[in-house]
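One-letter residues, chain by chain:
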Amino acid sequence: TVTRITLSAAQDEETRQCVVTLNAQQAALLDALLTLRGTVVSRDILFYAMWERNGGKSRAIDMQIHSLRRIFASISGLLQEEGLIRGVYGQGYTID
């Protein structure tokens, strides 16, 4: 499953938009982080959001987070990689 989302950012009094394509796991992960924006989301919750089951390898989450960060970083001038998705050691991830 492929999901296309439109990202908008206000810069210098103008709004810029970009359409990006995410796989099903990336879309589910981003949805969970945005739904709980500002709070630290545990790896267990993120894993369940991605595959609708408990348990599994947390490295899979790290790989999808890395992919999302790369996608956001590739959107020159629209989004900044640093700070968008932040890891909290021993707890999970958050979007500020």
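Remember, it's a predicted structure, so these values are computed and weren't measured experimentally.

The rules behind each value
Residues numbered from 1 in each chain as written. Predicted model: local features only at pLDDT ≥ 70, side-chain atom pairs only at ≥ 80, totals over all residues. Heavy atoms only, no water. Helix = DSSP H or I, 4+ residues; strand = E, 2+ residues; numbered from the N terminus. Contact = heavy atoms within 4.5 Å. Buried < 20%, exposed > 50% of the residue type's maximum accessible area, 1.4 Å probe, protein only. Arc of directions from axis to C-beta. pLDDT = per-residue confidence, 0-100. Pairing = 2+ DSSP bridges. Salt bridge = Lys/Arg side-chain N within 4 Å of Asp/Glu carboxyl O.

## Comments concerning the overall build of the protein chain
Within the protein chain, the regular secondary structure consists of three helices and four strands. Helices and strands appear in the protein chain in the N-to-C order β-β-α-α-α-β-β. When contacts within the protein chain are restricted to residue pairs at least 6 apart in sequence, those whose partners lie at least 24 apart make up 47%.

## Some points on helix α2 (residues 43-51)
The set of residues buried in α2 consists of Leu46, Phe47 and Met50. Relative to the axis of α2, the buried residues are bounded by an arc of 100 degrees and lie together on one face. After α2 finishes, the residue Glu52 shows a positive phi value of roughly 50 degrees.

## Quick notes on the confidence of the model for the protein chain
Residues shown with low pLDDT carry predicted positions that ought not to be read at fine detail. Averaged over every residue, the pLDDT of the protein chain is 79; the share at 70 or more is 68%. Per-element confidence in the protein chain is highest for strand β4 (residues 92-95), whose mean pLDDT is 92, and lowest for strand β1 (residues 2-11), whose mean pLDDT is 62.

## Focus on the pairing of β4
Of the two faces of β4, the one lined by Gly92 and Thr94 and the one lined by Tyr93 and Ile95 are each fully buried. In terms of strand pairing, strand β3 (residues 85-88) meets β4 through four bridges, oriented antiparallel. Looking across to β4, one finds that Val88 is bridged to Gly92. Remark: three residues form the turn of the hairpin made by β3 and β4, two consecutive strands paired antiparallel; Gly90 in that turn has positive phi of roughly 75 degrees.

## Regarding the pattern of salt bridges
Overall, the coordinates contain two salt bridges when judged by the stated rule. Asp62 is the partner of Arg43 in a salt bridge, and the nearest nitrogen-oxygen pair spans 2.9 Å. Highlighted residues: Arg43 in helix α2 and Asp62 in helix α3 (residues 58-74), separated in sequence by 19 residues. For Arg43, a relative accessible area of 29% corresponds to the partly exposed category. Overall, Asp62 belongs to the buried group, its relative accessible area being 19%. The partner of Asp62 in a salt bridge is Arg59, with the nearest N and O atoms 3.9 Å apart. Residue Asp62 and its partner Arg59 are located together in helix α3, separated by three residues, close to a single helical turn. Take Arg59: its relative accessible area is 53%, and that puts it in the exposed class.

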